[in-house]
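# Fold and geometry: a report
Single-letter residue listing:
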Amino acid sequence: MCIFCRIANGELPASVVYEDAHTIAFLDIQPFTPGHVLVIPKQHAASLGNLSPEEAGYVMRASQIVAVALKKSGLMCEGVNFWLSDGKAAGQEVDHIHMHVFPRFPGDGFTPPTVSVEKVKQPGRAQLVQQAKMIEEAIRLVSGHFSTSDRVV
Ligand code: AMP
Ligand code: ZN
C-alpha cells in the first residue's frame, strides 16, 4: 500500500486539516511555505486520469475549501497556489495523485520554476493551430468518458 493510502487509512501519522468521504487533506512535511497542504483522494490513483470525473471533482472541491480557509487561518497567506504534478516527468514523486495547496505572500521565498525569457520561443500561429488540433482531437477521444462515472484512462 502506498504512503498516502497509509495516511488516508490512519496507519501513518499526519497533521490532518480536512476530511470527507472522498478526500483527506494534511500538512506537507517539507512545506514550500508554512501551511502547505496536500489534498488527496482516499481512493488510490497514480494519475489524475485514473480517477473518475466525480472523484477528481471531490479533490478540487476539497482544495477550494482548503484554499479559502488558508486565507482566514491567521497564517501568512495573501494568495494561494494549486500545484499538481501528474507523472514522473512533471515531478511527481509520490505515486498517489495529490494537489499541493500552499499559501503565498510577498517574500515567502518560493520561486516558481520558470523558463528563462531568452529560451522562450514564441510559436507561430500555424504551430498553435496544429497543437490545438492535436489536443482537440484527443479530447474528442476521451470526452465520452466524462459523461459517465468511468475512469478516463
Ligand atoms: P510530489 O513531488 O508532487 O509527488 O510531492 C510529494 C510531496 O509529498 C512532497 O512535497 C513531500 O514533502 C510530501 N510528503 C512525502 N511524504 C509525506 C508524509 N509522510 N507526510 C506529508 N507529506 C509527505
Ligand atoms: Zn495510494
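Up top you'll find the structure we're talking about.
We now turn to the structure provided with this report. Residues take numbers from 1 onward in each chain, read along the sequence in its written order. All chains are assigned letters beginning at A, and all ligands numbers beginning at 1, according to the order in which they are written. Per-residue local features of the predicted model are confined to residues with pLDDT of at least 70, and side-chain atom pairs are confined, for both listing and counting, to 80 or more; whole-chain, interface and lining totals are unaffected and use all residues. Derived side-chain values reflect all non-hydrogen atoms in the structure, with water molecules and hydrogen atoms excluded from consideration.

## Observations regarding helix 2 (residues 53–72)
Along its 20 residues, helix 2 runs 29 Å from first to last C-alpha, staying within 8% of the 28 Å computed at 1.5 Å per residue. All of the buried residues in helix 2 are Glu55, Val59, Ala62, Ser63, Val66, Ala67 and Leu70. Taken end-on, helix 2 shows its buried residues confined to a sector of 145°, consistent with a single buried face. Opposite the buried face of helix 2, by more than 90 degrees, sit the exposed residues Lys71 and Lys72. Here, two residues are considered to be in contact whenever any of their heavy atoms come within 4.5 Å of each other. Helix and strand definitions follow DSSP, with helices as H or I runs of at least four residues and strands as E runs of at least two, each counted in order from the N terminus. Looking at the packing, one finds that the buried side of helix 2 touches strand 1 (16–19), strand 2 (23–27), strand 3 (37–41), strand 4 (79–83) and strand 5 (99–104). Of the residues trailing helix 2, glycine 74 is marked for its positive phi of about 95°. Expected helix span is computed as 1.5 Å times (number of residues minus one). Each residue is placed in one exposure class: buried if its accessible area under a 1.4 Å probe, protein chains only, is under 20% of its type's maximum, exposed if it is over 50%, and partly exposed if it falls in between. Starting at the helix axis, one direction is taken to each C-beta atom, and the arc is that of these directions.

## A word on the pattern of salt bridges
Close approach of charged atoms lets side chains of opposite charge pair. Each reported salt bridge corresponds to a side-chain nitrogen of Lys or Arg within 4 Å of a carboxyl oxygen of Asp or Glu. By the definition in use, this model includes 5 salt bridges. In this structure, the salt-bridge partner of arginine 104 is aspartate 108, at a minimum N-O distance of 2.5 Å.

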